[in-house]
Amino acid sequence: MKIAIIGAGISGLTLGNLIFSNKNQEIEFQIFEKRKKDHKDSGGIQLSPNATNILNIIGFKKLDYANFHLPKSINFLDLLSGEKIFDLNILDISSRDKPYICIKRSVLIDFLLNRLQKDIVNFNKEVINIKNIDNYKKIIFSDGTSYLSDLIISADGVFSKIRDKEFNRDQLSFSGSVAFRTDYIKSSEIFEFQKENISVFMGPSSHSVLYPLNKEKDFNFVSIISKKGLKVDKEDWTKNINNFNDLFYEKMKNWNNNLRNIIKNKKISCWPIFKVKTIDSRIQNNIILIGDAAHAIVPYHAQGAAQSIEDAYLLYKHLKKNNLYLNIQNFQKIRKKRILEVEKRSNVNQFIFHLSNNYLKFLRKNILKFLLKNRVFVKIYFNKLFNHKP
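To start, this report covers the structure provided alongside it. (Residues numbered from 1 in each chain as written. Predicted model: local features only at pLDDT ≥ 70, side-chain atom pairs only at ≥ 80, totals over all residues. Heavy atoms only, no water.)

### Here we look at a positive patch on the surface
Taken together, the side chains of K333, K337, K344 and K384 define a basic patch exposed on the protein surface. Here the positive patch gets three residues from one element, more than from any other, and that element is helix 9 (residues 324-353). For K384, the position within the fold is in helix 11 (residues 375-386). (Patch = residues over 30% accessible without salt bridge, like charges linked within 9 Å, V, L, I, M, F, W, Y side chains within 5 Å. Areas by Shrake-Rupley, 256 points an atom, 1.4 Å probe, with all protein chains shown as cover. Salt bridge = Lys/Arg side-chain N within 4 Å of Asp/Glu carboxyl O. Lys, Arg positive; Asp, Glu negative; His and termini not counted. Charge placed at Lys NZ, Arg CZ, Asp CG, Glu CD. Helix = DSSP H or I, 4+ residues; strand = E, 2+ residues; numbered from the N terminus.)

Here is the structure:
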């Protein structure tokens with residue numbers, strides 16, 4: 001069986017590594033990426049135990065410790081005052097074999113790329129058309145080349161062109177939230193916050209996250225701000241950048257001084273957060289959607305990368321030529337249920353993180369402070385998410 005994986009992001013490369021590392025003789029595959037080889041993604045990601053457990057199958061344990069960070073706790077603070085509200089002991093929800101880590105996205109991508117043969121991943125390959133040739137799919141690229149395959153795995157992200165063309169067009173919607181990121185921050189620029197751990201600052205209709213990424217203590221900072229009635233042009237959201245920046249700097253005026261001093265002279269980049277509706281069928285005409293192309297959700301539970309990795313792993317387990325259609329139907333049934341659960345938790349976190357009512361904030365502080373100190377509750381609540389076996 002010949003497979004074309006469109007997109008050399010986390011889901012596409014993880015799937016490719018799983019096929020390649022297990023020397024599956026039934027599957028011949030190529031990965032196609034529209035960007036240039038020297039493109040580097042900025043920003044950090046958190047990989048929870050449900051993700052690292054899968055990555056360990058393809059040798060992630062061999063990655064040098066200098067390239068990532070193992071936080072011990074997640075500290076939750078008030079965005080306006082800087083006061084610590086409560087914390088979550090990460091050691092209660094992870095293990096040595098399945099750690100919770102912080103890492104640069106580019107480091108993870110390089111790890112996945114370097115474990116594949118160089119002739120498997122093809123860069124500068126933008127899909128412009130897909131044709132049906134007998135029982136095959138013919139993919140035509142902008143450079144005039146083509147590739148014939150039995151199956152196409154669309155892992156081309158939230159703005160998937162393949163999803164828009166081959167599936168319904170109404171699946172992408174603006175979430176009402178905008179993300180803001182600085183360049184990497186050096187440890188020497190941070191004084192008041194625990195440098196070994198993740199800091200989550202909760203504020204009215206917004207929250208910010210600061211965490212170390214490696215031995216050198218490069219820090220990732222990202223802030224997510226929500227606003228009712230905020231409009232975004234889906235076709236060209238860059239038109240809205242000035243409005244986004246105004247929103248960010250207006251919010252930042254009220255943040256605690258310590259956090260504001262860290263980022264006040266930093267270059268800020270921003271992007272609107274879009275959601276992809278969880279659809280009943282993510283397979284159509286021998287095309288399968290995975291990763292953000294299938295289910296981009298709001299990032300309030302640090303599960304974007306993890307769910308892409310889970311997608312890749314479960315799909316790999318179901319890629320058997322015999323009864324392929326039934327296998328894929330089972331795959332999408334399992335993943336739909338899982339994504340809806342994660343999405344529900346993310347929406348709950350958004351509500352908790354973005355509270356503005358003082359009474360509700362008082363309840364949040366006291367209830368969560370009590371619950372997160374209860375190891376039995378923590379294990380029960382987080383096990384379903386972090387010890388999930390696809």
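### Quick look at a nonpolar patch on the surface
Taken together, the side chains of F351, Y359, L360 and F362 make up a nonpolar region of the molecular surface, amounting to roughly 460 Å² of accessible area. By residue number, the principal contributor to the nonpolar patch is helix 10 (residues 358-371), which donates three residues. Tracing the backbone shows F351 in helix 9. Judged by its relative accessible area of 53%, F351 is exposed. (Buried < 20%, exposed > 50% of the residue type's maximum accessible area, 1.4 Å probe, protein only.)

### Regarding unusual backbone geometry
Positive phi, close to 55 degrees, is recorded for D134, a residue that is not glycine. One can find D134 in the loop between strand 9 (127-133) and strand 10 (136-141). Even without a glycine there, the phi angle at N285 is positive, about 50 degrees. Among the structural elements, N285 can be located in the loop between strand 18 (283-284) and strand 19 (287-289).

### Examining the pattern of salt bridges
Pairs can form between side chains of opposite charge whenever their charged atoms are close. In the structure shown here, the tally under the stated rule is 19 salt bridges. Across the pair R163 and D164 runs a salt bridge, and its minimum N-O distance is 3.6 Å. The class of R163 is buried, set by a relative accessible area of 0%. Assessed through its relative accessible area of 23%, D164 is described here as partly exposed. E189 is paired through a salt bridge with K266; the nearest N and O atoms lie 2.7 Å apart. Taken together, the residues span a long stretch of sequence, with E189 in the loop between strand 13 (172-182) and strand 14 (198-203) and K266 in the loop between helix 6 (257-263) and strand 17 (268-276) at a distance of 77 residues. Taking the relative accessible area as the measure of exposure, K266 reaches 19% and is therefore buried. Linked through salt bridges whose partners overlap, the residues forming this network are R282, E310, D311, R335 and R338.

### Topic: the environment of E83
Along the chain, E83 falls in the loop between strand 5 (73-78) and strand 6 (84-89). Among the residues examined, E83 registers a relative accessible area of 40% and is labelled partly exposed. Considered as a pair, E83 and K361 are 278 residues apart in the sequence and their alpha carbons are 13 Å apart. Residues within four places of E83 in sequence aside, it is in contact with F76, L77, D78 and K365. (Contact = heavy atoms within 4.5 Å.)

### So, the pairing of strand 9
One ladder, built from six bridges, connects strand 9 with strand 10; its direction is antiparallel. Bridging across to strand 10, I130 finds its partner in I139. Counting the residues between successive antiparallel strands, the hairpin from strand 9 to strand 10 contains two residues, one of them, D134, with a positive phi of roughly 55 degrees. (Pairing = 2+ DSSP bridges.)

### Re the packing of aromatic side chains
Applying the stated criterion across every chain, the model contains 18 aromatic pairs. Centre to centre, the rings of Y381 and F382 are 5.0 Å apart; their planes meet at 85 degrees, and the pair counts as edge-to-face. Of the aromatic side chains, those joined through ring pairs into one cluster are Y100, F377, Y381, F382 and F386. In this structure, K2 packs its charged tip against the face of Y147, placed 4.6 Å from the ring centre. Across the ring face of Y184, the terminal group of K104 is positioned such that the distance to the ring centre comes to 4.3 Å. (Phe/Tyr/Trp six-rings, centres within 6.5 Å; stacked < 30°, edge-to-face > 60°. Lys NZ or Arg CZ within 6 Å of the ring centre and 35° of its normal.)

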